[in-house]
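Inside the fold
In case you want the letters, here they are:
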Amino acid sequence: SVPEQLEGGRFREYMAMLMEHEEVEDKMLFPLLKTLFPQSTEVVDRILDPERHKGVDILTERVGRLLQQLLERQRDGQNMLLSVPELKKVVEALERLTDYMDGHIRYEEEVTMPWLRGAAGGPSPAPGGPSA
């Protein structure tokens, strides 16, 4: 049902998966990369910069607020249909979150995959990192 998905379903599951993914990267993958390839430290430290994560926090809060407003409407017995401006807000927030996450993940892959490929016997990145 729609209210169930708003309250605790899909978005909450998405946020839990995203937080778990970031935690595994930040506490395991990236420190391991730095240990195996000390020359990757500068690149990995840029990835681990907490400022990089503020954008996703702001965007997920916005989406969460919009979904919470819908849930409150449903609880108050109000119409769950969105007006065109409301729908535009939701779509825009979801598009911004998607675009941000695509760029975030793409950047991490671009700067880490050359090191990981090198560890697997592929070509090694140039000294100073793949984007140095």
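All of these numbers come straight from a predicted model, not from anything done at the bench. (Residues numbered from 1 in each chain as written. Predicted model: local features only at pLDDT ≥ 70, side-chain atom pairs only at ≥ 80, totals over all residues. Heavy atoms only, no water.)

Moving on, we get to the pattern of salt bridges. If you walk through the whole model with that rule in mind, you get six salt bridges. A salt bridge links lysine 54 to glutamate 51; its shortest N-O distance comes to 2.9 Å. Placement of the pair is lysine 54 and glutamate 51 together in helix H4 (residues 51-75), with a separation of three residues, close to one helical turn. Put simply, glutamate 92 and arginine 62 hold a salt bridge, and the shortest N to O gap is 3.3 Å. Of this pair, glutamate 92 sits in helix H5 (residues 84-119) while arginine 62 sits in helix H4, and the two are 30 residues apart along the sequence. For glutamate 92, a relative accessible area of 34% puts it in the partly exposed group. For arginine 62, a relative accessible area of 24% puts it in the partly exposed group. (Salt bridge = Lys/Arg side-chain N within 4 Å of Asp/Glu carboxyl O. Helix = DSSP H or I, 4+ residues; strand = E, 2+ residues; numbered from the N terminus. Buried < 20%, exposed > 50% of the residue type's maximum accessible area, 1.4 Å probe, protein only.)

In this fold, leucine 59 is placed in helix H4. For leucine 59, a relative accessible area of 15% corresponds to the buried category. For the pair leucine 59 and leucine 94, spaced 35 residues apart in the sequence, the C-alpha separation amounts to 8.3 Å. With sequence-adjacent residues up to four places away left out, leucine 59 is seen in contact with Arg96, Leu97 and Tyr100. (Contact = heavy atoms within 4.5 Å.)

We now examine the packing of aromatic side chains. Enumeration over the complete set of coordinates arrives at two aromatic pairs. With centroids separated by 5.6 Å and ring planes inclined at 40°, the aromatic side chains of phenylalanine 37 and tryptophan 115 adopt a geometry described as tilted. Of this pair, phenylalanine 37 sits in the loop between helix H2 (10-36) and helix H3 (41-48) while tryptophan 115 sits in helix H5, and the two are 78 residues apart along the sequence. An identical accessibility class is assigned to phenylalanine 37 and tryptophan 115; each is buried. (Phe/Tyr/Trp six-rings, centres within 6.5 Å; stacked < 30°, edge-to-face > 60°.)

Packing of H4 against H5 brings their axes to within 10 Å, and their N-to-C directions diverge by 150°. On the basis of their axis angle, the class for H4 and H5 is roughly antiparallel. Our pair here, H4 against H5, has a crossing hand that is left-handed. When grouped by side-chain class, the residues that make up the contact of H4 with H5 number 11 nonpolar, four polar and eight charged. (Axes fitted to C-alpha atoms, helices over the stretch in contact; angles between N-to-C directions. Parallel < 35°, antiparallel > 145°, perpendicular 65-115°, else oblique. Left-handed = near helix turned anticlockwise from the far one by under 90°. Nonpolar A, V, L, I, M, F, W, Y, C, P; charged D, E, K, R; others polar.)

As a further point, take the nonpolar core. Within the largest apolar cluster, 13 residues are counted, with the highest numbers of intra-cluster contacts made by Phe11, Leu18, Val56, Val63, Leu67, Leu97 and Met101. If you list the elements that add at least two residues to this core, you get H2, H4 and H5. The element contributing the most residues to this core is H4, with six residues. Judged by nonpolar contacts, the second largest core, of eight residues, contains Leu33, Phe37, Val43 and Val44. (Core = buried A, V, L, I, M, F, W, Y, C linked by side-chain atoms within 4.5 Å.)

Along its 27 residues, H2 runs 37 Å from first to last C-alpha, staying within 8% of the 39 Å computed at 1.5 Å per residue. Within H2, the axis deviates most sharply at glutamate 25, by approximately 40°. Those residues of H2 not exposed but buried are Phe11, Met15, Leu18, Glu22, Glu25, Phe30 and Leu33. (Expected span 1.5 Å × (residues − 1). Bend = angle between axes of the 7 residues up to and from the residue.)

Time to look at H5. When the terminal C-alpha atoms of H5 are compared, their 51 Å separation across 36 residues agrees well with the 52 Å that a helix rising 1.5 Å per residue should span. Along H5, the sharpest change in direction is near 40° and occurs at threonine 112; proline proline 114 comes one to four residues later. Within the span of H5, buried status applies to Val90, Ala93, Leu97, Met101, His104, Glu108, Val111, Thr112, Pro114, Trp115 and Gly118. Buried positions along H5 lie against H2, H3 and H4.

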